[in-house]
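An overview of the molecular structure
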Amino acid sequence: MRLRYILKLSFLHLVRSWRSTIVLSVMVISAVASLIFLASLAIGTNDAMIRNSIGLFSGHISGSDIPPRIDTEILAVQGVEHVLVRRQQRFLLWTDGIFEPVLLMAVNPLQEQQSTALWKKTVAGRYLQPGEDGIYLNQETAARLHLSVGGWVHLGTFPGDILKTLTVVGIYRTGISQLDQGLAFCPNEAFPSAEGLITTASFLQEGSSTDEIEQHYKRLIPSGKFRAWTEFMPDLKQLIDLNFVCMAIVMILVFALVSVGISCAFLIFTLKNLREHGIMKTMGIMPVDSTLFLICQIGMLTLCAATVGMVAGVFAVILFAKVGIDLTSLTSHNQYFVVSGVIYPRLTAVSLLPPPVLAIIFGLAAALWPSLYINRKSPADILRTV
Amino acid sequence: MIEILNVSKNYTSGRGHITALADISLSFEKGQSSVLAGKSGSGKTTLLNCIGALEKPDNGKILCNGRDICTFNQKQRALFQRREIGFVFQAANLLPWLTVAENLQFPLEMNGIRGKEQTRRISGLLATFGLAGYDTAMPGELSGGEAQRVAFARAIAHKPALLLADEPTASLDSATGYQLIQLMLSLCADQRTTLIIATHDIELIEMTDRKIYLKDGHLETKI
Ligand SMILES: Nc1ncnc2c1ncn2[C@@H]1O[C@H](COP(=O)(O)OP(=O)(O)OP(=O)(O)O)[C@@H](O)[C@H]1O
Ligand SMILES: [Mg+2]
């Protein structure tokens with residue numbers, strides 16, 4: 001039999017038994033659409049965790065040991081949105097005979113506010129302003145020094161050596177221990193030393209490759225140390241990988257179930273239409289042709305249904321990507337959602353393609369059972385029993 | 001020319017051992033019309049199925065133009081059925097999701113008869129069987145007699161050498177059945193198609209050249 005004719009027969013069978021075709025399609029459409037949405041949501045969740053974690057302070061790539069002579073402008077390569085430059089040095093803070101060591105960071109307050117979200121974590125007072133002799137202090141250190149907003153603190157390298165006196169303009173708390181312990185900020189102009197280690201925080205544009213830019217940086221400044229967020233936040237990296245593995249397992253399980261469903265449904269249809277298969281056998285249809293006939297039917301059905309499911313899934317993702325899904329109430333105590341609990345589902349090849357591809361592969365596998373059944377059954381038995 | 005040599009067929013079922021055919025020997029000349037008559041359970045369907053290679057006899061040979069169809073493998077069997085045989089059963093012969101014309105197209109496609117020749121044959125068959133204008137009708141919309149006419153038309157569409165009909169008139173009233181068989185007999189005579197009809201319809205038995213009676217799997221009388 002010509003394949004074209006088998007395709008025509010399959011098409012006619014599907015169209016003319018449209019009720020059963022629709023019932024089967026609904027199963028595939030809903031599975032594909034919901035999995036595309038779920039996968040996009042998982043990617044959106046990963047995005048949100050990365051965005052929250054790097055957006056608070058560190059950027060996607062953090063640099064240290066940058067030689068002072070180097071113009072950090074060269075780090076603004078293609079794919080990089082902003083590069084923040086900070087100088088840092090250990091100092092001693094004291095008031096009323098209480099001493100606390102801190103790592104003081106000199107920052108450009110305007111740029112920091114533009115690119116990072118630390119200023120949103122202010123619990124008292126406000127963030128720094130350029131040029132002022134102010135200090136922005138973590139809550140823990142402030143409490144130890146019995147400081148509140150408006151109070152002042154001496155700064156030096158050893159007790160008694162007052163290099164500068166700064167006014168506390170703001171106190172913050174992030175919930176992340178690295179940022180909440182022994183860290184303080186002041187505007188560049190208020191930094192009491194001409195030296196200090198230069199560090200950088202690069203924020204990348206969406207879709208840029210962190211690894212490529214990191215490698216590029218290492219070539220640009222060989223003596224500098226550059227680390228991507230995947231290195232300095234291995235816990236987050238693992239969480240994201242785990243998320244992908246879970247998603248893959250869910251997809252495979254869902255389609256295995258859907259394909260068992262399709263297979264059962266097709267077997268029931270085949271049993272219901274067993275006489276037709278018997279009649280075709282008496283007309284000399286070969287086992288390969290019967291198998292192809294079933295495969296073409298299931299193939300066409302899953303192909304069409306997967307396409308419709310894909311469109312529906314994409315539509316849902318686009319809709320929710322606009323408004324976002326606010327899960328703040330579920331994420332407020334979570335360090336990976338310090339800035340915002342809004343998740344924007346995002347379509348990528350990983351979230352878009354596997355659901356329909358799996359639907360078609362599993363769908364075709366679902367044709368095997370009914371065709372085995374048909375091919376093993378003798379036409380005489382079929383015609384006698386049905 | 002079909003020769004049946006010492007064919008027997010037994011079944012084992014819940015009722016025990018059943019001899020459906022017991023050492024049957026028969027031959028059918030090309031173009032001859034025969035009727036297989038006998039009571040219910042006498043083995044008519046079993047014999048037709050063996051001749052049409054739908055079932056394999058336990059013993060014996062069935063020679064069709066000198067070739068023993070009992071030794072055919074699956075592919076040879078399918079090709080034999082596709083080219084040489086047309087089947088008509090008591091009812092529900094048609095593929096319900098194909099129109100009348102598409103049902104007639106099926107055996108032609110299977111035998112590689114396509115294009116103009118296919119169209120010509122389909123319209124010829126529709127006219128011959130009084131089905132003009134029925135080409136786009138679905139089987140579900142046909143009466144029993146019309147459906148059976150389509151089934152006959154489909155069974156001879158590819159001009160098979162052998163037409164096997166198992167109680168083709170059982171679900172029709174006698175006048176309709178009579179007309180249909182009359183038509184089949186004349187068409188088979190024209191095309192030199194060997195026709196074997198299994199039936200217990202007395203009227204029908206009287207219409208053919210040859211009558212074969214089966215009783216409990218045995219040949220009773222040969223006329
Ligand atoms: N697959 C089977 N398993 C068991 N017994 C069978 C099977 N097929 C046929 N038989 C038995 O073989 C015998 C002959 O059956 P067959 O169908 O050939 O009779 P028939 O002459 O066509 O009867 P009817 O006129 O009622 O159609 C019957 O006794 C039947 O019960
Ligand atoms: Mg019978």
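Residues numbered from 1 in each chain as written. Chains lettered and ligands numbered in written order. Predicted model: local features only at pLDDT ≥ 70, side-chain atom pairs only at ≥ 80, totals over all residues. Heavy atoms only, no water.

Residues and elements named next belong to chain B. If you trace the four strands from one edge of the open sheet to the other, you get S2-S1-S4-S5, paired in antiparallel fashion. The strands lining the two open edges of the sheet, one partner per strand, are strand S2 (16-28) and strand S5 (67-68). Most of the contacts of helix H1 (residues 44-51) go to S2, to which it runs at about 60 degrees, and overall it touches strand S1 (2-13), S2 and strand S4 (59-64). (Pairing = 2+ DSSP bridges. Helix = DSSP H or I, 4+ residues; strand = E, 2+ residues; numbered from the N terminus. Contact = heavy atoms within 4.5 Å. Axes fitted to C-alpha atoms, helices over the stretch in contact; angles between N-to-C directions.)

It is worth spelling out the site of ligand 1 at this point. If you check the shell around ligand 1, you find 16 residues, and the closest are A:Arg384, B:Arg15, B:Ser40, B:Thr45 and B:Thr46. Chain contributions to the surroundings of ligand 1 come from chains A and B. Contacts to ligand 1 include B:Ser42, whose backbone N or O atom sits 3.2 Å from an oxygen atom. In the environment of ligand 1, an oxygen atom lies 2.7 Å from a nitrogen or oxygen atom belonging to the side chain of B:Lys44. Surface burial for ligand 1 is 77%, taken as the share of its 640 Å² of free accessible area covered by protein chains. Those elements giving two or more residues to the shell around ligand 1 turn out to be S1, S2 and H1 of chain B. (Near = heavy atom within 4 Å. Polar contact = N/O pair within 3.5 Å; in protein donor to acceptor, adjacent residues only side chain to side chain. Areas by Shrake-Rupley, 256 points an atom, 1.4 Å probe, with all protein chains shown as cover.)

Once that is clear, we can look at the domain arrangement of chain A. Where interface size is quoted, it is often the accessible area lost as the parts come together. Its domain assignment divides chain A into domain 1 (3-53 + 236-385) and domain 2 (80-204). The C-alpha-based centres of domain 1 of chain A and domain 2 of chain A are spaced at 54 Å. (Domains from an automatic or database assignment.)

Let us look at unusual backbone geometry. A positive phi angle, near 50 degrees, is found at B:Asp23, a position not held by glycine. Considering the arrangement of structural elements, one finds B:Asp23 in strand S2.

Turning our eyes to something else, we now look at the confidence of the model for chain B. With 99% of its residues at a pLDDT of 70 or more, chain B shows a mean pLDDT of 91. Scored as a complex, the prediction yields pTM 0.79 and ipTM 0.93. (pLDDT = per-residue confidence, 0-100.)

What follows deals with the side chain of A:Thr72. Residues and elements named next belong to chain A. Among the structural elements, Thr-72 can be located in the loop between strand S1 (61-66) and strand S2 (80-95). In this structure Thr-72 comes out as buried when scored by relative accessible area, which is 16%. Beyond its immediate stretch of four places on either side in the chain, Thr-72 contacts Ile-66, Val-85 and Thr-200. (Buried < 20%, exposed > 50% of the residue type's maximum accessible area, 1.4 Å probe, protein only.)

Our focus in this paragraph is helix H1 (residues 3-16) of chain A. For H1(A), which comprises 14 residues, the first-to-last C-alpha distance of 20 Å matches the rise-based estimate of 20 Å (1.5 Å per residue) to within 8%. Taken residue by residue, H1(A) has A:Tyr5, A:Ile6, A:Leu9, A:Ser10, A:Leu12, A:His13 and A:Leu14 as its buried positions. Those residues of H1(A) hidden inside the fold are in contact with helix H2 (18-58), helix H9 (274-282) and helix H10 (287-323) of chain A together with helix H3 (100-110) of chain B. (Expected span 1.5 Å × (residues − 1).)

Bringing the interface of chain B and chain A into the picture now. In this assembly, 31 residues from chain B lie in contact with 27 residues from chain A. A buried area of about 2,500 Å², summed over both sides, lies between chain B and chain A, and 63% of it is on carbon and sulfur atoms. Its largest share of buried area at the contact with chain A, chain B owes to B:Leu54, B:Trp97 and B:Phe106, together 27% of the area lost on that side. Remark: the boundary between chain B and chain A carries four salt bridges. Between A:Arg384 and B:Glu55 there is a salt bridge, with its nearest N and O atoms 3.8 Å apart. For the pair chain B and chain A, the interface holds seven residue pairs in polar contact (both at pLDDT 80 or more). Mapped by element, the contributors of at least two residues to the side of chain B that touches chain A are H1, helix H2 (74-84) and H3 of chain B. Class assignment for the residues of the side of chain B that touches chain A results in 16 nonpolar, eight polar and seven charged. (Buried area = accessible area lost by both parts, 1.4 Å probe. Salt bridge = Lys/Arg side-chain N within 4 Å of Asp/Glu carboxyl O. Nonpolar A, V, L, I, M, F, W, Y, C, P; charged D, E, K, R; others polar.)

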